[in-house]
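Residue strings, one per chain:
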Amino acid sequence: HQTVVIASGRIIRVGGVAEVLVPAGATVIDGRGKFLLPGLADMHVHLSTPAELPMFVGHGVLTVRDLNGSPQTLGWRAATASGAILGPRLFVSGPMLADSVPWKNKVTPRTAQEAATAVRAQQAEGYDQIKIYDGITSEVFRTAIQTARELAMPSSGHIPPSVGFGAVLESGM
């Protein structure tokens, strides 16, 4: 027995039927016997084609975090944001920071300076966050995380064996 008022695609009021008035001229959808859910979020995907994007929306997933982004993925983010293509809101990490792994879409910093440069480049290119993967040294890890923090970029990823679980927790990744 709730009323949900939406204006310009956003929920602006929720409350009991007796407390929330339906604005004059509003389109009314009778939801009796149905469920109203918030948009779901998938926090770990690897997108490969824009054809995937409408499927997320069709299943109620309205936010997606792609954790191995590319310039192409940034284009899809812009296209979904503008409405040019149907898809969820995209948060895109840059290519993973990794070494000695089979992924082709990666950056392989081997020194602290290379790590800082890679993170700054990803921020300048418009990525939302960095992703750490396996094979990097603890020095590269620490510098990448610190540089991301300085740039207010979130970081996420795997636990490099050179770093260990405790250090990853301490880093705030």
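Placed above this text is the structure.
Residues numbered from 1 in each chain as written. Predicted model: local features only at pLDDT ≥ 70, side-chain atom pairs only at ≥ 80, totals over all residues. Heavy atoms only, no water.

A. Looking closely at a nonpolar patch on the surface. Nonpolar side chains collect at one region of the surface, where Val 4, Ile 6, Ile 11, Val 14 and Leu 36 lie side by side and expose about 490 Å² of accessible area between them. Looking at the nonpolar patch, the elements with two or more residues in it are strand 1 (2-7) and strand 2 (10-16). The topology assignment puts Ile 6 in strand 1. Assessed through its relative accessible area of 55%, Ile 6 is described here as exposed. (Patch = residues over 30% accessible without salt bridge, like charges linked within 9 Å, V, L, I, M, F, W, Y side chains within 5 Å. Areas by Shrake-Rupley, 256 points an atom, 1.4 Å probe, with all protein chains shown as cover. Salt bridge = Lys/Arg side-chain N within 4 Å of Asp/Glu carboxyl O. Helix = DSSP H or I, 4+ residues; strand = E, 2+ residues; numbered from the N terminus. Buried < 20%, exposed > 50% of the residue type's maximum accessible area, 1.4 Å probe, protein only.)

B. Unusual backbone geometry, seen in detail. We note that Ser 100 has phi near 55 degrees; this positive angle belongs to a residue other than glycine. Positionally, Ser 100 belongs in the loop between strand 6 (96-97) and strand 7 (106-107). By relative accessible area, which is 68% here, Ser 100 ends up exposed. Positive phi outside glycine occurs at Ala 152, with the angle close to 60 degrees. In this structure, Ala 152 sits in the loop between helix 4 (138-150) and strand 9 (155-157).

C. Structural detail: the pattern of salt bridges. Under the defined criterion, the tally for this structure stands at 4 salt bridges. In this structure, Arg 32 engages Asp 30 in a salt bridge whose closest nitrogen and oxygen atoms are separated by 2.6 Å. For Arg 32, a relative accessible area of 71% puts it in the exposed group. On the basis of relative accessibility, which here comes to 42%, the residue Asp 30 falls in the partly exposed class. When the shortest N-O distance is used, the salt bridge between Arg 120 and Glu 150 registers 4.0 Å. Taken together, the residues Arg 120 in helix 3 (residues 112-125) and Glu 150 in helix 4 connect sequence positions 30 residues apart.

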